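Overview (structure and organization)
Here is what each chain is made of, one letter per residue.
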Amino acid sequence: MNTLPNIVLVHGAWADGSSWSAVIERLQADGYTVTAPQFPLTALSADVARLRQVLARQNGPTIVVGHSYGGQIMTALGTDAPNVVGLVYIAAFGLDQGESLGALLSQGPVTPSLAHLITDKQGFTWLPEDDFVNHFAADVDPVKARVMYAVQQALAASAFQDVMGVPAWKALPSWSLVAADDQALPPDAQRLFARRMGATTIEVPSSHVAMVSHPDDVVQLIKAAARAAATA
């Protein structure tokens, strides 16, 4: 009988489920049941609904892992997160009640990854190729980074204004990977989130996409959360 918790991986903006490929391979090799769904990124409410849909399919305790905006999605589960026993933030937003992405990002200079953000006629935001390859995925092989650019999923601009309710991390144990060389979400903001959450935290010299460039570190943190859940 498999006593390991399930792992649900939540991709962020300008990415898709394939961004977790190296992490999935490692976790599956160690016997974990892993799900990395695609999120619509049309509205926070729609993304949370997709996460709840996936969580309802899990049989037993589940660790949810979010990258970037994926942290926003899992945080918005609030105090109603059936079967979820831990949250792992990978260079991710961990907002508190009443905060929004837009308000947070406006507190400092625009980061290099977001300096030339494109908003299309339908109100969705995209990253241009140069900023994606050279900043968003700065420590990824350029060939692979261009593939990631090609499959990026646009984020609805309205998501920047969504205000967080009661955050899930207030009811669940949390872990955090701070990407120290992040050019999308400032590392100091990541440290602030981790500190407020009381998260078990590691720092990695990584770009924003640590799950691609440092999958072993990401997997070790997820497994630490899984071990803690198993002994809780």
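To start, this report covers the structure provided alongside it. Keep in mind that this is a model prediction, so the values were computed, not measured.

Remarks on the overall build of the protein
When helices and strands are counted, the protein shows 9 helices and 9 strands. In terms of overall dimensions, the protein has a C-alpha envelope of 50 × 40 × 30 Å along the principal axes. Per-residue burial for the protein yields a buried fraction of 53% across its 232 residues. When contacts within the protein are restricted to residue pairs at least 6 apart in sequence, long-range pairs at least 24 apart make up 71% of them.

Remarks on the environment of T35
Here T35 is to be found in strand β2 (residues 34-35). Between the alpha carbons of T35 and I24 there is a distance of 8.3 Å; along the sequence they are 11 residues apart. Once residues within four sequence positions are removed from consideration, T35 is found in contact with I7, V8, L9, V54 and Q58.

Comments concerning helix α1 (residues 21-29)
When we look at burial in α1, the residues that qualify are V23, I24 and L27. Seen from one end, α1 has its buried residues packed into an arc of 100 degrees, which puts them on one side. Away from its buried face, by an angle of more than 90 degrees, α1 presents the exposed residues E25 and A29. Residues of α1 that are buried sit in contact with β1 (6-10), β2, α8 (210-213) and α9 (215-231). G31 occupies a position one or two residues after α1 and carries a positive phi of about 95 degrees.

A few points about the sheet that holds strand β6 (residues 124-126)
Strand order in the open sheet made by the 3 strands is β5-β6-β7, with antiparallel pairing throughout. Whereas interior strands pair on both sides, the edge strands pair on one side only; in this sheet they are β5 (118-119) and β7 (155-156). Relative to β6, β5 is paired through 2 bridges, and the arrangement is antiparallel. Directly across from T119, in β6, lies its bridge partner T125.

Considering the side chain of S100
The topology assignment puts S100 in the loop between β4 (84-90) and α4 (101-105). Residue classification places S100 among the buried residues on the basis of a relative accessible area of 9%. Only 3.2 Å separates the side chain of S100 from the backbone nitrogen of A103, close enough to count as a polar contact. Among all residues touching S100, those that are not within four sequence positions of it are L95, F160, Q161, D162 and V163.

Focus on the side chain of T35
Given the relative accessible area of 19%, T35 is considered buried. At 3.5 Å, the side chain of T35 and the side chain of Q58 are in polar contact.

Re the environment of P142
In this structure, P142 sits in helix α6 (residues 142-150). Looking at P142, the relative accessible area reads 42%, which means it is partly exposed. Each C-alpha atom, one on P142 and one on I118, is 21 Å from the other, the two residues being 24 residues apart in sequence.

The rules behind these values
- Residues numbered from 1 in each chain as written.
- Predicted model: local features only at pLDDT ≥ 70, side-chain atom pairs only at ≥ 80, totals over all residues.
- Heavy atoms only, no water.
- Helix = DSSP H or I, 4+ residues; strand = E, 2+ residues; numbered from the N terminus.
- Buried < 20%, exposed > 50% of the residue type's maximum accessible area, 1.4 Å probe, protein only.
- Contact = heavy atoms within 4.5 Å.
- Arc of directions from axis to C-beta.
- Pairing = 2+ DSSP bridges.
- Polar contact = N/O pair within 3.5 Å; in protein donor to acceptor, adjacent residues only side chain to side chain.

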